[in-house]
Amino acid sequence: MTRLSIKDRLAISDLFVRYTTALDGGDVEAVVACFSEDGWLDSPIVGRHQGREELRQFAEKTAAAVRQGARFRHMITNLRVAAQDDRIRARCYLLDIVTINGETQILSPGEYDCEVVRRGKAWLFASRLVQMDRVFLMPFS
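Structure report, in brief. Being a predicted model, the structure only gives us computed values, none of them experimental.

Regarding the environment of Leu15
No. 1: Checked against the element boundaries, Leu15 lands in helix 1 (residues 6-25).
No. 2: Here Leu15 falls in the buried class, since its relative accessible area comes to 0%.
No. 3: Here Leu15 is in contact with Cys34, Val116, Trp123, Leu124 and Phe125, once residues within four sequence places are set aside.

Things to note about the pattern of salt bridges
Oppositely charged side chains can pair when the atoms bearing their charge come close.
No. 1: Within this structure, the stated rule accounts for 9 salt bridges.
No. 2: Note that Glu37 and Arg52 form a salt bridge whose closest N and O atoms lie 3.2 Å from each other. Taken together, the positions of Glu37 in strand 1 (residues 35-43) and Arg52 in helix 3 (residues 51-67) put the pair 15 residues apart, joining distant regions of the chain.
No. 3: Given the relative accessible area of 57%, Glu37 is considered exposed.
No. 4: A relative accessible area of 23% means that Arg52 is categorised as partly exposed.
No. 5: When the shortest N-O distance is used, the salt bridge between Asp113 and Arg91 registers 3.9 Å. Of this pair, Asp113 sits in strand 5 (residues 103-119) while Arg91 sits in strand 4 (residues 87-100), and the two are 22 residues apart along the sequence.
No. 6: The structure contains a network of salt bridges with shared partners spanning Arg80, Arg89, Arg91, Glu111 and Asp113.

Side note on the sheet that holds strand 6 (residues 122-132)
No. 1: The mixed open sheet is built from 6 strands, whose spatial order is 2-1-6-5-4-3. This sheet does not close on itself; its edge strands, each paired only once, are strand 2 (47-50) and strand 3 (71-84). For this sheet, the mean inter-axis angle between neighbouring strands, taken without regard to orientation, is 20 degrees.
No. 2: Across the sheet, helix 1 touches strand 1, strand 3, strand 4, strand 5 and strand 6, and the angle it forms with strand 3 is around 155 degrees.
No. 3: Packing against the sheet, helix 3 makes contact with strand 1, strand 2 and strand 3, and its axis sits at approximately 55 degrees to strand 1.

Some points on helix 3
No. 1: Taking 1.5 Å per residue, 17 residues should reach 24 Å; helix 3 reaches 24 Å between its end C-alpha atoms and fits that length.
No. 2: Within helix 3, the full set of buried residues consists of Gly51, Leu55, Phe58, Ala59, Thr62, Ala63 and Ala65. End-on, the buried residues of helix 3 take up no more than an arc of 155 degrees, which puts them together on one face. Opposite the buried face of helix 3, at more than 90 degrees from it, the exposed residues are Lys61 and Arg67.
No. 3: Buried-residue contacts for helix 3 involve helix 1, helix 2 (28-32), strand 1, strand 2 and strand 3.
No. 4: Gly69 lies just past helix 3 and shows a positive phi near 115 degrees.

Rules and cut-offs
Residues numbered from 1 in each chain as written. Predicted model: local features only at pLDDT ≥ 70, side-chain atom pairs only at ≥ 80, totals over all residues. Heavy atoms only, no water. Helix = DSSP H or I, 4+ residues; strand = E, 2+ residues; numbered from the N terminus. Buried < 20%, exposed > 50% of the residue type's maximum accessible area, 1.4 Å probe, protein only. Contact = heavy atoms within 4.5 Å. Salt bridge = Lys/Arg side-chain N within 4 Å of Asp/Glu carboxyl O. Pairing = 2+ DSSP bridges. Axes fitted to C-alpha atoms, helices over the stretch in contact; angles between N-to-C directions. Expected span 1.5 Å × (residues − 1). Arc of directions from axis to C-beta.

Taken by themselves, the reported measurements are silent on function.
Take a look at the structure:
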């Protein structure tokens, strides 16, 4: 059974923050760097993307909306990290908000359900399942 130190738990929390703020800022390479080489993301909004190149394509769509003026806020809370055998599962609540031309709307609440792995000294997402309470369209899509 894998045991997590407080340092590991904080590093995993930082991974979630790095991912959401990179996505919100349109920083494609920082989003991609949050995943392992064969990592994947699956979302009812943007579909499944596996591997660095597909993850880059996913992040670029959000970055394009940011360049067109969308201001995203992916807010996360209630992070739970649990060791399961040699796997680390990390889950949190999610609230997606976007502001366009001064008008703000809640896109949907949801949850991230992830497996994280250690690569060297870094924690990375091996998988990220995005579960949304309702389906919505991405701005400028």
